[in-house]
Amino acid sequence: MYLHIYIYVYIYIYVFIYIYMYIYIYVCITCTSPIVKVRETDDLQRGNKSSEEDNKRLRREVALNEQAIKEYAKQGHAQVNIYRYM
């Protein structure tokens, strides 16, 4: 008879501890301090700024390469015309 009571108490305590741990972990994960959030935001903004600068630099390089290719094609076409009319 008393064994039933012990089993129920044991199960009740086990479930209570499990729920308490789950809530504790959830609160620890979701409720970070504002200072940490500010640092993370600063890091993300810094990374975004560096990515934008890299993007601008690479676009500039692509434009210069395209312009160089066009110039090279013009010079090649001009040389062909010179050889053709010689």
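Just so we're clear, the structure is a prediction, and the values are computed from it rather than from any experiment. (Residues numbered from 1 in each chain as written. Predicted model: local features only at pLDDT ≥ 70, side-chain atom pairs only at ≥ 80, totals over all residues. Heavy atoms only, no water.)

Draft legend 1. The overall build of the protein chain, seen in detail. When its secondary structure is counted, the protein chain shows two helices and zero strands. Taken over 86 residues, the protein chain has a buried fraction of 0%. Surface summary for the protein chain: the accessible area is close to 9,000 Å², and the carbon and sulfur share equals 65%. (Helix = DSSP H or I, 4+ residues; strand = E, 2+ residues; numbered from the N terminus. Buried < 20%, exposed > 50% of the residue type's maximum accessible area, 1.4 Å probe, protein only. Areas by Shrake-Rupley, 256 points an atom, 1.4 Å probe, with all protein chains shown as cover.)

Draft legend 2. Quick look at a nonpolar patch on the surface. A cluster of nonpolar side chains, contributed by Ile 5, Val 9, Tyr 12, Ile 13, Phe 16, Ile 17, Tyr 20, Met 21, Tyr 24, Ile 25 and Ile 29, occupies part of the molecular surface with about 1,200 Å² of accessible area. With respect to the secondary-structure elements, Tyr 24 resides in helix α1 (residues 2-30). A residue is classified by how much of its surface remains accessible, and Tyr 24, at 49% relative accessible area, is partly exposed. (Patch = residues over 30% accessible without salt bridge, like charges linked within 9 Å, V, L, I, M, F, W, Y side chains within 5 Å. Salt bridge = Lys/Arg side-chain N within 4 Å of Asp/Glu carboxyl O.)

Draft legend 3. Summary view of the pattern of salt bridges. Going through the model one piece at a time under the given rule, you end up with three salt bridges. Through salt bridges with shared partners, a single ionic network connects Asp 54, Arg 57 and Glu 61.

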